[in-house]
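# Geometric and topological summary
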Amino acid sequence: MKVVILAGGLGTRLSEETSVRPKPMVEIGGKPILWHIMKVYSAHGINDFIICCGYKGYVIKEYFANYFLYMSDVTFDMRYNQMNVHSGNAEPWRVTLVNTGDTTMTGGRLRRVREHLGNETFCFTYGDGVSNINITEAINFHKQQNTLATLTAVQPPGRFGAIVLGQEQTKITNFREKPEGDGAWINGGYFVLEPAVIDLIADDSSVWEREPLEKLAEMEQLSAYKHYEFWHPMDTLRDKRYLEGLWNNNQAPWKIW
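First, a word on scope: everything that follows refers to the structure included in this document. Chains are numbered independently. Their residues run from 1 in the order of the written sequence. A pLDDT threshold of at least 70 governs which residues receive local features in this predicted model, and a stricter bar of 80 or more applies before side-chain atom pairs are shown or counted, although totals over entire chains, interfaces and linings include all residues. The side-chain values count all of the structure's non-hydrogen atoms but skip hydrogen atoms and water molecules.

Turning our eyes to something else, we now look at helix α3 (residues 57-65). Taken as a whole, α3 has its buried residues at G57, V59, I60, Y63 and F64. Seen end-on, α3 carries its buried residues on one side only, within an arc spanning 155°. Any two residues having at least one pair of non-hydrogen atoms within 4.5 Å are treated as being in contact. Secondary structure elements are taken from DSSP: a helix is a run of H or I of four residues or more, a strand is a run of E of two residues or more, and numbering for both begins at the N terminus. Buried residues along α3 sit against β1 (2-7), β3 (31-32), α2 (33-43), β4 (48-53), α4 (67-70) and β7 (94-99). Relative accessibility thresholds used throughout: buried, under 20% of the residue-type maximum; exposed, over 50%; partly exposed, between the two (1.4 Å probe, protein chains only). It is the directions from the helix axis to the C-beta atoms whose arc is reported.

Bringing the environment of A252 into the picture now. Looking at where A252 falls in the secondary structure, it is placed in the segment after α8 (237-248). Measuring from C-alpha to C-alpha, the distance between A252 and F230 comes to 9.3 Å, with 22 residues separating the pair along the chain. Not counting residues within four places of it along the chain, the set of residues in contact with A252 comprises L246 and W247.

What follows concerns empty space enclosed by the protein. Unfilled space is identified by rolling a water-sized probe across the atoms. Residues are said to line a cavity or pocket when one of their atoms sits within 4 Å of a point; the points come from a 1 Å grid over protein atoms alone, cavities being sets where a 1.4 Å probe fits but cannot get out and pockets being open sets with protein on both sides within 12 Å along at least five of seven lines. Grid points are joined across faces, edges and corners, and a volume is the space filled by probe spheres set on the points. This model, assessed by the stated rule, comprises 1 cavity of 30 Å³ or more. In this structure, the largest cavity spans a volume of roughly 40 Å³. Considering the residues around the largest cavity, the lining is formed by Y41, C123, I133, I135, A138, I139, Y190, F191 and V192. Per-element tally for the lining of the largest cavity: the top contributor is helix α6 (residues 135-145), with 3 residues. By residue class, the composition of the lining of the largest cavity is 9 nonpolar, no polar and no charged. We call Asp, Glu, Lys and Arg charged. Ala, Val, Leu, Ile, Met, Phe, Trp, Tyr, Cys and Pro are nonpolar, and the rest, Gly among them, are polar.

This paragraph deals with the pattern of salt bridges. For this analysis, a salt bridge means a side-chain nitrogen from Lys or Arg found within 4 Å of a carboxyl oxygen belonging to Asp or Glu. The tally for this structure, following the rule as stated, stands at 8 salt bridges. Residue D48 pairs with R94 through a salt bridge whose shortest N-O separation is 3.6 Å. Of this pair, D48 sits in strand β4 while R94 sits in strand β7, and the two are 46 residues apart along the sequence. On the basis of relative accessibility, which here comes to 17%, the residue D48 falls in the buried class. Among the charged side chains, a salt-bridge network with shared partners connects K23, D128 and D235.

The next point concerns the nonpolar core. Counting 42 residues, the largest nonpolar core has Y41, I51 and W254 as the members making the most contacts within it. Only β1, α2, β4, α3, α6 and α8 provide two or more residues apiece to this core. With 7 residues, the single largest contributor to this core is α2. Nine residue types can take part in a nonpolar core, namely buried Ala, Val, Leu, Ile, Met, Phe, Trp, Tyr and Cys, and a core is a set of them joined through side-chain atoms within 4.5 Å. Core analysis: the second largest hydrophobic core is formed by 22 residues, V4, L193, I198 and L213 among them.

Right, let's get into the packing of aromatic side chains. Only the six-membered ring of Trp is used, alongside the rings of Phe and Tyr, when aromatic pairs are assigned; centres must lie within 6.5 Å, and planes under 30 degrees apart are stacked while those over 60 apart are edge-to-face, with the rest tilted. Per the stated rule, a full pass over the model turns up 17 aromatic pairs. With 5.7 Å between their ring centres and 85° between their planes, W35 and W257 make a pair best called edge-to-face. On the criterion of sequence distance, the pair formed by W35 in helix α2 and W257 in the segment after α8 is long-range, its members being 222 residues apart. Judged by its relative accessible area of 7%, W35 falls in the buried class. Relative accessible area serves as the criterion here: at 30%, W257 is assigned to the partly exposed category. Ring centres of W185 and Y228 lie 5.3 Å apart, and the angle between their planes is 85°; this geometry places the pair in the edge-to-face category. Taken together, the positions of W185 in the loop between β12 (175-176) and β13 (186-187) and Y228 in the loop between β15 (222-226) and β16 (231-233) put the pair 43 residues apart, joining distant regions of the chain.

Another aspect to go through is a nonpolar patch on the surface. Patch criteria: residues need more than 30% relative accessible area and no salt bridge. Like-charged residues are merged within 9 Å; nonpolar side chains of Val, Leu, Ile, Met, Phe, Trp and Tyr are merged within 5 Å. Each accessible area is a Shrake-Rupley result for a 1.4 Å probe, and residues are judged covered by the shown protein chains and nothing else. Together, F68, L69, F76, M78, M83 and V85 give the surface a local cluster of nonpolar side chains, amounting to about 600 Å² of exposed area. Secondary structure elements with two or more residues in the nonpolar patch: α4 and β6 (82-88). Topologically, F76 is positioned in strand β5 (residues 72-77). Residue classification places F76 among the partly exposed residues on the basis of a relative accessible area of 43%.

Spelled out as structure tokens, the structure:
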């Protein structure tokens, strides 16, 4: 099975980091968040990736071009212009990097990689969030539903302290710092899709989360796999620091490998 990962957006809300690199290359614990996402899929035996590049896509290409070198112990013999690799720890990954345009929308990016997908079920996700989702279980769920698309539904973490106040009440009687979400389910990404969904994408200006998903819902071809455990986006510098804190303290729930 193949995984398509969106990695071409501007990441404007994380401009402190994304002025010099694409958002999926922002690091957590010394590794790009893209690497963390790929490791989750790889832990479930999926190692064939298609990366939709756009903004500063050359940074992603350079990273994978030198990945084996980054992960290995080497000796450079300058006298003879030789490089000897002592041990290699590279992943068993096959990575296809496709330039899908700097301004192409999410649906348009998926449409542009159609030729690399074949006619089999595939996974599709964003390059800026991590989760301990059970990918294998999500795929099996998708097959049982017999629909064209399955999205992972999650309940977002609370970002602000919550208080309880009545209409005329001025004294706080209940306070919770960063409570869980209000019970609403949102699109957490980590899709499982059939190739036919790409026929619902018109062109580069198509936003995946708008017309294609709305049409699939109208057709009753969109299922929701509910994920109750960890999921967190990396939209802001605050998010990055939170995720890095979890990683550095060996408390990262998404580290399932």
